[in-house]
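What the coordinates show
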Amino acid sequence: MISELLAEVERRRRIMERLYDEFEEYRRRGEYGKAGESLWGIVNNMLYLLGLTQGVKLSRHGEFRDFVRDLATASNDADMIDEFRAAETLHANFYHEFMDEDLFTANSEKTWRLVRKLEKLLAGELAKLRLKAS
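To start, this report covers the structure provided alongside it. (Residues numbered from 1 in each chain as written. Predicted model: local features only at pLDDT ≥ 70, side-chain atom pairs only at ≥ 80, totals over all residues. Heavy atoms only, no water.)

Side note on the packing of helix H2 (residues 32-53) against helix H4 (residues 79-96)
It is at 8 Å that the axes of H2 and H4 come closest, and there the two elements cross at 135°. Taken together, the axes of H2 and H4 lie oblique to each other. Crossing geometry of H2 relative to H4 is assigned as left-handed. Residues Tyr32, Gly33, Lys34, Gly36, Glu37, Leu39, Trp40, Val43 and Leu47 of H2 touch H4, and the partners they reach there are Phe84, Ala87, Glu88, Leu90, His91, Asn93, Phe94 and Tyr95. A class-by-class count of the residues in the contact of H2 with H4 yields 10 nonpolar, 4 polar and 3 charged. (Axes fitted to C-alpha atoms, helices over the stretch in contact; angles between N-to-C directions. Helix = DSSP H or I, 4+ residues; strand = E, 2+ residues; numbered from the N terminus. Parallel < 35°, antiparallel > 145°, perpendicular 65-115°, else oblique. Left-handed = near helix turned anticlockwise from the far one by under 90°. Contact = heavy atoms within 4.5 Å. Nonpolar A, V, L, I, M, F, W, Y, C, P; charged D, E, K, R; others polar.)

Here it is, written out as C-alpha cells:
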C-alpha cells in the first residue's frame, strides 16, 4: 500500500510542478483566470493526496470542502477555511473572470498559505506511514 501511495505522490508532484509553471506563466501574462485555475489544481492535488493518506478518496468539490473543514479542526487552524475559500474563488474566476490584479493577488496569497500548510501536513502523514511500513 505505501509503495502505491508513494507512486501516486510522485505522479501528482510532477503534475503540481507543471501546474506551478503554468500558474507563473499565466500570472506573468495577466491571465488571472487560467493562473487561478492552475493554483486550484495544486490545492486539489494536495488535498487528494492527504485524503489518500487517511484512506479517503476525494472526488467531488463538497468532499474537498468538508475535508478542509476537518483538517482545520484537527489542526486548530480556522484560517485554513478562509484560505480554501480563496482557492474556490480563484476556481470560480476561471469561469467568470471577475478578478482584477489586486483581487487575484490577495486570493493567490491566501491560497499559497494553504498550499504550504497542506505540504507540511502531507509530509507528516507520509512520514508516519513510512514509519509504520518499516
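Some details on the packing of aromatic side chains
By the definition in use, this model includes 6 aromatic pairs. Note on Phe94 and Tyr95: the rings are 5.0 Å apart at their centroids and 80° apart in plane angle, and the pair reads as edge-to-face. Looking at Phe94, the relative accessible area reads 33%, which means it is partly exposed. Of the residues examined, Tyr95 reaches a relative accessible area of 54% and is grouped as exposed. (Phe/Tyr/Trp six-rings, centres within 6.5 Å; stacked < 30°, edge-to-face > 60°. Buried < 20%, exposed > 50% of the residue type's maximum accessible area, 1.4 Å probe, protein only.)

Brief notes about the pattern of salt bridges
Applying the stated rule across the entire model yields 17 salt bridges. We note a salt bridge from Arg14 to Glu10, for which the minimum N-O separation is 3.6 Å. Of this pair, Arg14 and Glu10 both sit in helix H1 (residues 2-28), 4 residues apart, which is roughly one turn of that helix. Between Glu83 and Lys117 there is a salt bridge; the shortest N-O distance is 3.0 Å. Taken together, the positions of Glu83 in helix H4 and Lys117 in helix H5 (residues 101-133) put the pair 34 residues apart, joining distant regions of the chain. Judged by its relative accessible area of 4%, Glu83 falls in the buried class. One network of salt bridges, in which partners are shared, links Glu25, Arg28, Arg29, Glu31 and Lys34. (Salt bridge = Lys/Arg side-chain N within 4 Å of Asp/Glu carboxyl O.)

Comments concerning H4
Between its terminal C-alpha atoms H4 stretches 25 Å, which fits the 26 Å expected from 18 residues at 1.5 Å a residue. Regarding H4, the residues found buried are Met80, Glu83, Phe84, Ala86, Ala87, Glu88, Leu90, His91 and Asn93. If you follow the buried residues of H4, they end up packed against H2, helix H3 (61-75) and H5. The first or second residue beyond H4 is Glu97, which carries a positive phi of 45°. (Expected span 1.5 Å × (residues − 1).)

Notes on the side chain of Glu37
Counting through the fold element by element, Glu37 comes out in helix H2. No salt bridge is formed by the buried Glu37, whose closest oppositely charged neighbour, Arg18, lies at an N-O distance of 11 Å. (Lys, Arg positive; Asp, Glu negative; His and termini not counted.)

Some points on the packing of H1 against H2
Axis separation between H1 and H2 bottoms out at 8 Å; the angle between their running directions is 165°. Between H1 and H2, the crossing angle belongs to the class labelled roughly antiparallel. When the axes of H1 and H2 are compared, the crossing they make is left-handed. Classifying every residue of the contact of H1 with H2 gives 16 nonpolar, 4 polar and 5 charged.

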